[in-house]
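Listed below are the residues making up each chain.
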Amino acid sequence: LAPFFSTISSGINAEYGDPNTLAALQEKLGQMTIKKPDSDELDLPPAVRKRVNAIKNIQLQTTKIEADFFKQVHKLEIEYAQRYAPLYQRRAAIVSGEVEPSATECIMPGEDQDNEKSDSEKQENDNDSITGIPGFWLTIFKNTEILAEMTQPHDEPILEALRDINVSFPENSMGFVLEFHFAANDFFEDNVLTKTYHMKSEPDDFDPVAFDGPEIIGSTGCSINWKKGKNVTQKIVKKKQRMKGKGQTRIIQKTIKEDSFFNFFSPPSMPEDEESVDEELEALLTTDFEIGQYIRER
């Protein structure tokens, strides 16, 4: 609506000076070009400017109602998360092999009962060495484009130990927490790794039209207690270095960052001054937010 007011301002001023510009005004209204209001609004007659301000205030009130709507949606998310929880717990138990699904659970609606019987007979002849669904989450990662791009070959043995991913919603904020549950493994001591996304749903009193629903404003990862020599987010490189004044060289070791999905738990920090965000940091933050939102919605 900001360009809407700007366009109205330009059109009204033009109308006061030249009635022949009405067609141009209509064209501008149709295009609704997004731009900042110009100084034409200041040139409006006082009575018209007051009416435009009144419309802006109406827009602000409307936006605040919209913001409240999203807060109510968040409360529903919290309520329904509690209803989903038993189902996800059951899923995790079946994936890990902690429990076997019941016969009823194994029948999909519309499936041929004869095929189901045949599968049951084959299962009786299977050995008991396979439990649960091996590589369940790793398979999902490798077949989901946004996650596959982050997953490196050295991540795969760790993701084999991933048992479940949960989403929780704090009651006192609009954010959400991703919880990655792991079985005991050879890489780190932790059973759960978390990633918290901070969100806001508050319109700007000075720019209500910019409000577009809840937005992620930052994220917080967690420290990973890597076992010795098992940190896949780092690698050691060896370089030759010439020793000054001796004409000799020596080998030095340097630790550098390695591409890994587990860098996901060490997100970049959002600067307090948004204007200081360069293109590279903006791209990193955007990708991080997209991945968090993707996992949350699924």
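Please read all numbers here as calculations on a predicted model, not as lab measurements.

Draft legend 1. Here's a closer look at the packing of aromatic side chains. Within this structure, the stated rule accounts for 19 aromatic pairs. For the pair F176 and Y197, a centre-to-centre distance of 5.0 Å together with 15 degrees between the ring planes defines the contact as stacked. Of this pair, F176 sits in strand 2 (residues 176-182) while Y197 is found in strand 3 (residues 192-200), placing the two residues 21 residues apart along the sequence. Accessibility expressed as a relative area gives 0% for F176, which makes it buried. Given the relative accessible area of 0%, Y197 is considered buried. The cationic tip of K195 hangs over the ring face of F264; the distance from NZ or CZ to the ring centre is 3.5 Å. Between K230 and the ring centre of F187, over which it is positioned, the NZ or CZ distance is 5.5 Å.

Draft legend 2. Seen up close, the pattern of salt bridges. Tallying each qualifying case throughout the model produces 8 salt bridges. For E156, the salt bridge identified is with K142, shortest N-O distance 3.7 Å. Here the residue E156 occupies a position in helix 7 (residues 156-159), and K142 occupies one in helix 5 (residues 136-142), the gap between them amounting to 14 residues. The class of E156 is partly exposed, set by a relative accessible area of 24%. Of the charged contacts in the structure, one is a salt bridge between D288 and K195, with a shortest N-O distance of 2.6 Å. Remark: K195 occurs in strand 3 and D288 occurs in helix 8 (residues 279-297); sequence separation between them is 93 residues. Each member of the pair, D288 as well as K195, carries the same accessibility label: buried.

The rules behind each value
Residues numbered from 1 in each chain as written. Predicted model: local features only at pLDDT ≥ 70, side-chain atom pairs only at ≥ 80, totals over all residues. Heavy atoms only, no water. Phe/Tyr/Trp six-rings, centres within 6.5 Å; stacked < 30°, edge-to-face > 60°. Helix = DSSP H or I, 4+ residues; strand = E, 2+ residues; numbered from the N terminus. Buried < 20%, exposed > 50% of the residue type's maximum accessible area, 1.4 Å probe, protein only. Lys NZ or Arg CZ within 6 Å of the ring centre and 35° of its normal. Salt bridge = Lys/Arg side-chain N within 4 Å of Asp/Glu carboxyl O.

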